[in-house]
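# Structural overview
Listed here are the chains, written in short residue letters.
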Amino acid sequence: MSMEEFKDRNVGVQNYRMLDLEPNPETGMDKFKQVVKRSVKLELFTGLKVTFREMFNALFRGEMHTTKYPFEKLPISPRYRAIHEMKRLLESGHYRCIGCGLCEKICIANCIRMDTRYDENQRKEVSEYTINFGRCIFCGYCAEVCPELAIVHGGRYETASEQRASYSTFEDMLTPLDQLAQQSEYPGFGAVSADADEKIKKTPLAY
Amino acid sequence: MSSQKKEITITIDGKEIKTQWGKTILEVARENGIYIPTMCYLTKVEPIASCRMCVVNVEGVDGMILSCQEKAVDGAVINTNTADIWRERQKIMELYDVNHPLECGVCDKSGECELQNKTLEFEVDTQEFTAKDQHRPTQNWGFISYDPSLCIMCERCVRVCNEIVGDEALQISVGGYKSTIVNVKQDDDCMECGECMAVCPVGALVSTDFKYSSNAWELSPIPASCSHCSSHCQLYYEVKHESIDNPQEKIYRVTNEFEYSSLCGAGRFAFDFENRVNAKDKEAFNKAVDALKKAETIRFASVITNEEALLLQKISQISGAKLVCDDAYAYSQFIKAYSQTSGKRFYGSDLKSLSKSQMSIVLGTRLYDDAPMVKYHLATSVKREKAQVAYLHPIEDKRLQNLVTKFVKYEPGSEEGVVALLANILIDKSKLDEDAKKWLDNLDIGYISAESNVSEEELDEIKAMMWKKKSFTLIAGEDLYKHPKAKNIAKILGLIDRYSNFELLIIPPASNTMGVSLICDLSDKASGYTVGYNSVGDFVMSSLGDGDIDMPALNQQEGTFTTIDKRVVPTNPALGYNGYELLDIAREAFGLNYEYIIDLTSQLPEEKGFKNIAFDNLPDEFGIDGENKRGYLIDNSEVSSKLLPDDTDDIESFDGTIVYLCNDRGNFNPFTNKSKMFENRGELRGSKQFATAAKISDGDIVKFKVADIEFERVFSIDTSLKGTIALNPIYDIGLSSFAISSYRFNKAKIEKVGRSNE
Ligand code: SF4
Ligand code: SF4
Ligand code: SF4
Ligand code: SF4
Ligand code: SF4
Ligand code: FES
């Protein structure tokens, strides 16, 4: 391929126009005259008019444009990868995580650690689970690898902390039981697709 | 036989290979780096041939051939991987996956599962077939759990249990998709060695203790040697941080090169005997330095590395302190006496040749409890070579019934007579010189036979067992070394070795007894101010954590051990140690300025057969055919032999209530007893007859004194025992367990002092 067109830096036709400005004042007298002229003509208020209009609209007509952060937060894209959430099963309320350890293994920042044990119901219990957010790079690998859609990225993006390392434990990340009904499904990468129902196949185990 | 060594040429996948006749196609392929997938194959047992994954094409032969079973023949042209074969293997994997639970996410085997790997390798991503699911609940067999729904019926577990362990505890219950493995001995006789679990390619057999506590890939394997008995089997301690809150390393489980070698229950499950200390105790250290400086005796246990034994030897050379190690002293004296008549520095047999022996005599050991690896190899000889086994001991062992052809009971104390009787039937009299012949003729067979209670018919039967056999092994054990007539017993054994077809295997009684007996100049009795290193003394340095200063346990040390095979094998520390070790004390007290204890590895005495090889250069591996290439073998040179045994005149045997010192249930010593799975408060176990003779009953608390130790134990009746000998373990008496110098059978007055509440 010829590089001609890339090498041609003379891009397009220029139509710059000189503004019709007064010449800059040169002498002290000229400068003085300019100041007096501008003050008397109240040019300042021409500019401030917009400001005052918007202020009036905001204060008295309820047309505020500013988000009152940190009291208000903008909605964030559902695919944004912020602080992790641990989901629960909707029916039983039991945490979804089965303790497979894949997230711990795949984590590129090595910031996930979990303890598991054999519990009284002969199940693998996740006895503790932590993420060190001081190290997490929010790459999303953990959410991607999770076979249970248990760990997902939520919308909580404030990660400032008083300590260099800030940990979250299992309890911090799990959907609180009283908010189970409000638990929303993660629509980002790895989630079941919208047409999942049509795609599903009968397992051969049904006889 | 000559055709066995015949050179043949075969072609595998276009590669021309020269090899010897007698190997299977799979073996030849593996030796030459050609990959043939297998599921059921296990190098250490005979081909199982249950999976059909190893199929290959041989040109000119119809159909597919099982490469694991079929011997390679001269001129064969073999293809291991055609489209048809691949499809066949894929089909097999599809069948394995039928109804297999999709539970890799929680399965302990995930990450090292052969089913998982091969399912991916053969691109099985759907389950096309189905079978009616069965209700198959998981079973708990003690240390081991079995989940039948994960089992692929490869039969590996059954095979090792029969062919390697010799317990015959596992059987197949056949029934198509209902098939399961059943443990017919789960309540009593299965020795819980975990061999079945180690070879299981899937997560069907797992450790109950380890279950769900960690994923395989999180653990770091530390190559080491088991420190509990003289076999010093190869193993890996697998470590990981303890928990999120506790970053300290912890051993989660033990694994091994299960394709080639085996472990017993103690090696596999008694791994957590480490001695944790938080910091260096300067005060105790100073006391230890002073104590070692003024010690007149250093008494130690042979649960020690070769290097520390050499360090003690150096200390004793500088300070003049006597070295006392009760087990090793008795053993070294025994071997010395044996050499005097046999002309060999060591016994000639080892575990591998035992497994190929066609007739074996076991004498003076409760083999099942004393030396599991010897029992394993004896079992292999019975299964593969149809070996005949004569088991001579005062106590019959029901657990060995399936291996032993003839049990011969003798009176405790009469071992010298029994050995003389054996000499009389085993020695080839035509080879004897005058003096030896005279000694043999002098034996009063009638008297000895009467005193030891071994009849001439029984001896004839043993003789008959040798008929048509070609290789013979005589296994001598722990009962003999501390026998009052040990020396003469050893001499007679030496004579048998010299003038018969029998090779001897004289089992080193505890851990590194062999190493210690070679490295240290030992004395028999402690006297004066005594420092005990894992033994009793006025100042005690203990790896159990109960002494005047703490010492690291053997899973926290590096160094080498000398095994029953006369092999020097390396071990590495699985866990760190924060306190002082022997070298620190030796450095401070005697200026022995070695940086690391392994600097001594290459200094092990060459005149005793050790080699000048640095620790870091010791190999620690097995060949692809299972050949043991760990460490190096000690030279077994000839020594001059002239002596003859003394006359065997008075045989002393005892009657009444007798207590036999015997650590049972795979619990070897206080270190195994420290581990959480083994921790056990020992009981005195005896037969009903014993109870009657001692006027006690099941559940009584009894008091007795043997080997100068007062015991107070619960008595329990064991219906598998007979006679008036009770078994008394010594694993729960702390370090004094390593300071016993008496014969294992002891007459004891049993006194009832109460009833146990249970
Ligand atoms: S987002 Fe990435 S770095 Fe953060 S925990 Fe998940 S895998 Fe680890
Ligand atoms: S990947 Fe998912 S199921 Fe597995 S341990 Fe992590 S959160 Fe739990
Ligand atoms: S046995 Fe293997 S394939 Fe089966 S669940 Fe366990 S890891 Fe997965
Ligand atoms: S339990 Fe394991 S080793 Fe035994 S047959 Fe089943 S899969 Fe094979
Ligand atoms: S205790 Fe002995 S037989 Fe058992 S694993 Fe250890 S070294 Fe091997
Ligand atoms: S490896 Fe040959 S049949 Fe299984």
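Residues numbered from 1 in each chain as written. Chains lettered and ligands numbered in written order. Predicted model: local features only at pLDDT ≥ 70, side-chain atom pairs only at ≥ 80, totals over all residues. Heavy atoms only, no water.

## A short note on empty space enclosed by the protein
All names here are of chain B. Enumeration over the complete set of coordinates arrives at nine cavities of 30 Å³ or more. In this model, the largest cavity occupies a volume close to 380 Å³. As for the largest cavity, its lining consists of 23 residues, of which Asp327, Glu478, Pro509, Asn663 and Ile730 are closest to the centre. By residue class, the composition of the lining of the largest cavity is 10 nonpolar, seven polar and six charged. Both domain 4 (333-506) and domain 5 (658-755) contribute no fewer than three residues apiece to the lining of the largest cavity. (1 Å grid on protein atoms, 1.4 Å probe; cavity = no way out; pocket = protein on both sides within 12 Å on 5 of 7 lines; lining within 4 Å. Points joined across faces, edges and corners; volume = space filled by probe spheres on them. Nonpolar A, V, L, I, M, F, W, Y, C, P; charged D, E, K, R; others polar. Domains from an automatic or database assignment.)

## Examining the sheet that holds strand β27 (residues 632-633) of chain B
Residues and elements named next belong to chain B. What the three strands build is an open sheet, ordered β25-β26-β27; its pairing is antiparallel. The sheet is open, and its two edges are formed by β25 (559-562) and β27, each paired on a single side. Note: strand β26 (residues 567-571) against β27, two bridges, orientation antiparallel. For Val568, the partnering residue across the bridge sits in β27 and is Tyr632. Strands β25 and β26 of the sheet are contacted by helix α8 (residues 306-319), whose axis makes an angle of about 95° with β25. (Pairing = 2+ DSSP bridges. Helix = DSSP H or I, 4+ residues; strand = E, 2+ residues; numbered from the N terminus. Contact = heavy atoms within 4.5 Å. Axes fitted to C-alpha atoms, helices over the stretch in contact; angles between N-to-C directions.)

## Remarks on the site of ligand 2
Lining the immediate environment of ligand 2, one finds Met86, Cys97, Ile98, Gly99, Cys100, Gly101, Cys103, Met114, Cys146, Pro147, Glu148 and Ile151 of chain A. When each cavity is represented as a set of grid points, ligand 2 is found to reside in the second largest cavity. (Near = heavy atom within 4 Å. Sits in = over half its atoms within 2 Å of the grid points.)

## What to know about the pairing of β26 of chain B
All names here are of chain B. Burial analysis of β26 places five of its five residues in the buried class, which makes it a mostly covered element. Burial along β26 is two-sided: the face carrying Arg567, Val569 and Thr571 and the face carrying Val568 and Pro570 are both buried. Looking at chain direction, β25 and β26 are connected through four bridges and run antiparallel. Across the sheet, residue Thr562 finds its bridge partner in β26, namely Val568. Taking the residues that link successive antiparallel strands as the turn, the β25-β26 hairpin has four residues, and the phi of Lys566 there is positive, at about 60°. (Buried < 20%, exposed > 50% of the residue type's maximum accessible area, 1.4 Å probe, protein only.)

## With respect to the confidence of the model for chain B
Within chain B, residue pLDDT values average 93, and 99% of them lie at 70 or more. Across the whole predicted complex the pTM is 0.91, and at the interface the ipTM reaches 0.84. (pLDDT = per-residue confidence, 0-100.)

## Considerations on the packing of helix α13 (residues 415-426) of chain B against helix α16 (residues 456-465) of chain B
Residues and elements named next belong to chain B. Where α13 contacts α16, the axes come no closer than 10 Å and their chain directions differ by 50°. On the basis of their axis angle, the class for α13 and α16 is oblique. For the pair α13 and α16, the crossing hand works out as right-handed. For the pair formed by α13 and α16, the contact residues are Leu421, Leu422 and Ile425 on the first element and Leu459, Ile462 and Lys463 on the second. (Parallel < 35°, antiparallel > 145°, perpendicular 65-115°, else oblique. Left-handed = near helix turned anticlockwise from the far one by under 90°.)

## Notes on the sheet that holds strand β14 (residues 297-300) of chain B
Residue and element names in this part refer to chain B. If you trace the six strands from one edge of the open sheet to the other, you get β21-β15-β14-β22-β23-β24, paired in parallel fashion. Two strands close off the open sheet at either side, each with one partner strand: β21 (522-523) and β24 (549-550). The pairing of β14 with strand β15 (residues 322-324) spans three bridges and is parallel. Residue pairing across strands places Thr297 opposite Lys322, the latter belonging to β15.

## Quick look at the side chain of Thr473 of chain B
Take Thr473 of chain B: it is sitting in strand β19 (residues 472-476). Ignoring any residue separated from it by four or fewer positions in sequence, one finds Thr473 of chain B in contact with Ser349, Leu354, Ser357, Met359, Ser360, Ile361, Phe502, Glu503 and Leu505 of chain B.

## Some remarks on the domain arrangement of chain B
Residue and element names in this part refer to chain B. Partitioning chain B into structural domains gives domain 1 (2-96), domain 2 (131-269), domain 3 (287-329 + 513-573 + 594-633), domain 4 (333-506) and domain 5 (658-755). Inter-centroid distance (C-alpha atoms) of domain 3 to domain 5 is 29 Å. Counting from both sides, the interface comprises 12 residues of domain 3 and, opposite them, 11 residues of domain 5. When the two sides are added together, the surface that domain 3 and domain 5 hide from each other amounts to roughly 1,000 Å², 69% of it contributed by carbon and sulfur. When the buried area of domain 3 at its contact with domain 5 is split by residue, Val303, Asp326 and Leu544 rank highest and sum to 47% of it. For the pair domain 3 and domain 5, the number of links is zero salt bridges. Tallied by class, the residues present in the side of domain 3 that touches domain 5 amount to five nonpolar, four polar and three charged. (Buried area = accessible area lost by both parts, 1.4 Å probe. Salt bridge = Lys/Arg side-chain N within 4 Å of Asp/Glu carboxyl O.)

## Remarks on the interface of chain A and chain B
Each side of the interface is counted separately: chain A has 23 residues, and chain B has 22 residues. Summed over both sides, the interface between chain A and chain B buries roughly 1,800 Å², with carbon and sulfur atoms accounting for 55% of that surface. Taken together, chain A and chain B are joined by zero salt bridges. The tally of links from chain A across to chain B stands at five residue pairs in polar contact (both at pLDDT 80 or more). When contributions to the side of chain A that touches chain B are tallied by element, the ones reaching two or more residues are α4 (102-106), β2 (112-118) and β3 (124-132) of chain A. (Polar contact = N/O pair within 3.5 Å; in protein donor to acceptor, adjacent residues only side chain to side chain.)

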